[in-house]
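Notes for the structure review
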Amino acid sequence: MRNDGIERWVFRWRERAADGSLRPRKKIIGTVHEWPQNSKKLHDKLAGLRLLINADGPTALTSITMAALVEHYKVHELWGNSDEGKAHSTRSRLKCYLDKWILPHWSKYDLTGIKTVAIEQMAQDT
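Heads up: these notes are all about the structure in this document. The residue numbering used here restarts from 1 in each chain and proceeds along that chain's sequence as written. Given that this is a predicted model, residues contribute local features only at a pLDDT of at least 70 and side-chain atom pairs are listed and counted only at 80 or more, while totals for whole chains, interfaces and linings are drawn from all residues. As a rule here, side-chain values come from all non-hydrogen atoms in the structure, and water together with hydrogens is ignored.

Only DSSP runs of H or I reaching four residues or more are called helices, and only runs of E reaching two or more are called strands; each is numbered from the N terminus. Check the secondary structure of the protein and you find four helices and two strands. Reading the protein from its N terminus to its C terminus gives the helix and strand order β-β-α-α-α-α. In this analysis, two residues are considered to be in contact whenever any of their non-hydrogen atoms come within 4.5 Å of each other. The long-range share in the protein, meaning contacts at least 24 apart out of those at least 6 apart in sequence, stands at 41%. Computed by Shrake-Rupley with a 1.4 Å probe, the accessible areas treat only the displayed protein chains as cover when residues are assessed. As displayed, the protein has an accessible area near 9,400 Å², and 54% of this comes from carbon and sulfur atoms.

Before going further, it helps to spend a moment on helix H2 (residues 66–78). Spanning 13 residues, H2 covers only 16 Å between terminal C-alpha atoms, well under the ideal 18 Å at 1.5 Å per step. For H2, the full list of buried residues reads Met66, Val70, Lys74 and Leu78. Burial along H2 is one-sided: seen end-on, the buried residues are contained in an arc of 80°. The secondary structure elements touched by the buried residues of H2 are helix H3 (88–106). Multiplying 1.5 Å by the helix residue count minus one yields the expected span of that helix. Here's how the labels work: a residue is buried when its accessible area is under 20% of the maximum for its type, exposed when over 50%, partly exposed in between, all with a 1.4 Å probe on protein chains only. What the arc covers is the set of directions going from the helix axis to the C-beta atoms.

A few words now on the side chain of glutamate 15. Turning to its location among the elements, glutamate 15 is positioned in strand S1 (residues 8–16). Here a polar contact is recorded for every N or O atom pair within 3.5 Å, except that within protein the pair must consist of a potential hydrogen donor and a potential acceptor, and residues adjacent in sequence are included only if both atoms are side-chain atoms. A polar side-chain atom of glutamate 15 sits 3.2 Å from a polar atom in the side chain of arginine 25.

As structure tokens, this is what we get:
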């Protein structure tokens with residue numbers, strides 16, 4: 001029950017983060033009045049949420065932030081193979097782009113919330 005006294009269904013699960021740790025997640029489904037217990041409507045909604053959560057790739061419920069993606073890229077792709085792959089100049093240039101242009105503006109956004117139109121608009125404004 002919430003502070004307003006209305007009982008709500010909350011779907012809770014744990015999600016593995018990019019660093020391997022588990023983090024708790026939750027989604028409010030709706031009020032108990034709208035979604036009666038043991039109703040087909042509620043069971044169908046829960047089944048849909050389970051499918052979305054367990055789908056491969058990011059979804060509205062399992063997406064990661066741009067900051068987490070950039071951190072993963074820096075650790076595993078950019079600096080992970082220091083003797084192979086990208087040249088030192090390429091790595092330092094990419095790190096500079098990420099730190100100066102990408103992270104200050106986009107770090108807190110979920111990947112599913114970033115649209116190309118918004119990125120193009122930001123590029124035109126600078």
